[in-house]
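# Tertiary structure, described
Okay, here's what each chain looks like letter by letter:
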Amino acid sequence: MPTPDYMIPAVLLEPFSGITMPSLTEFISIVCQGAMIFGGVFPFIPQYLDIKKSGNADGFSTFVCLNLLVANILRIMFWFGRHFELPLLAQSIIMVFTMLALTEICVRVKHRSEILASKEHKFTDSYSAHPNNGEAPPRLNRSVSPVRKFLDFDKAYFWKWTYFTSYLQFTAVFTVVVGLMTWLFLDNMYYVETIGFLAVFAEAMLGAPQFYRNFVNKSTHGMSKKMVGMWTCGDCFKTGYFIVRQAPAQFWICGMLQVGIDISIFLQVYCYRNKAAIS
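Let me sum up the structure you'll find in this document. Sequence positions are assigned chain by chain, starting from 1 and proceeding in written order. Given that the model is predicted, a residue must reach a pLDDT of at least 70 before its local features are reported, and side-chain atom pairs must reach 80 or more before they are shown or counted; all residues, however, enter totals for whole chains, interfaces and linings. For the side-chain quantities, the full set of heavy atoms in the structure was used; hydrogens and water were omitted.

Turning our eyes to something else, we now look at the environment of Ile76. Where helices and strands are cited, they refer to DSSP runs of H or I of at least four residues and of E of at least two residues respectively, numbered from the N terminus. Position of Ile76 among the secondary structure elements: in helix α4 (residues 63–81). Through-space distance from the C-alpha of Ile76 to that of Leu88 is 9.0 Å; in sequence the pair is 12 residues apart.

Here it is as structure tokens:
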């Protein structure tokens, strides 16, 4: 009997005979894992674009990047001592590179601003040197900030270095030191559980530097509200994911702490709304 036009010959379907469509539960699980891997990066995209567009990074605390670099490097080391889900490991690796990229643009923008300010001050000084109505205005004493490097080991300027190279040097040294310690104490349960707790606790304190910066400035001007909104949504989702997937207790406990800090920053947005508008 000839095969009707609308039917596919069995010989063409044979290579796909072992393939089955995933169930709805499996599909949701795949989507959630993808959200865990890449979802942590998205909140920082608006902040990155704001800094790139405005050429000003004063409203963003680079200590947020330090927080996440330390947290995710520790989490990667924790994985070697106590394996957890691979999506969480992949998230940490991607987040490390994301924080380095965000740090790089902040350092570049600030350094460029210092150079432009220095040129402007030199021009003003040269112009002011000439008498004006018989009076010589006081000469401005401003210059470019001194170069600060990681290898100076000056704790007063920690994470306030001039060039991005210093940030890479610190990240490399920290990774090597923690990696070596993890290799030496990999069989020590107390060490492994400690770095696991420190990893998620450092991540839970992600918003603390930004909260402190807003508190000192009494303003949220320059901080991306979209970023904080995405932080909150992502942290709520992440905490729920930890609970449902029965991740180690450190993960979901610190996740709830992180949500609390996110809400506190939103309260700052409301409390400082008039100051932010004026700025």
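So much for the structure itself; the text now carries on.
Turning our eyes to something else, we now look at the pattern of salt bridges. Any Lys or Arg side-chain nitrogen located within 4 Å of an Asp or Glu carboxyl oxygen qualifies as a salt bridge. Tallied over the full model, the rule gives 3 salt bridges. For the salt bridge of Glu193 with Arg82, the shortest nitrogen-to-oxygen distance reads 3.0 Å. With Glu193 in helix α7 (residues 189–204) and Arg82 in the loop between α4 and α5 (86–128), the pair connects residues that are 111 residues apart, well separated along the chain. You can call Glu193 partly exposed: its relative accessible area is 27%. Classification of residues uses two cut-offs on accessible area relative to the type maximum, computed with a 1.4 Å probe and protein chains only: under 20% is buried, over 50% is exposed, and between them is partly exposed.

The relation between two aromatic rings is expressed through the spacing of the ring centres and the mutual angle of the planes. Side-chain rings of Phe, Tyr and Trp, where Trp is taken by its six-membered ring, are said to pair if the distance between their centres is within 6.5 Å; with planes under 30 degrees apart they count as stacked, over 60 as edge-to-face, and otherwise as tilted. Within this structure, the stated rule accounts for 16 aromatic pairs. Ring geometry for Phe150 and Trp161: centres 5.4 Å apart, planes at 75°, overall edge-to-face. On the criterion of sequence distance, the pair formed by Phe150 in the loop between α5 and α6 (164–184) and Trp161 in the loop between α5 and α6 is long-range, its members being 11 residues apart. Comparing Phe150 with Trp161 shows no difference in burial state: the two are buried. Here the aromatic rings of Phe158 and Trp159 are separated by 6.3 Å at their centres, their planes lie at 40°, and the arrangement is tilted. Residue classification places Phe158 among the partly exposed positions, given a relative accessible area of 31%.

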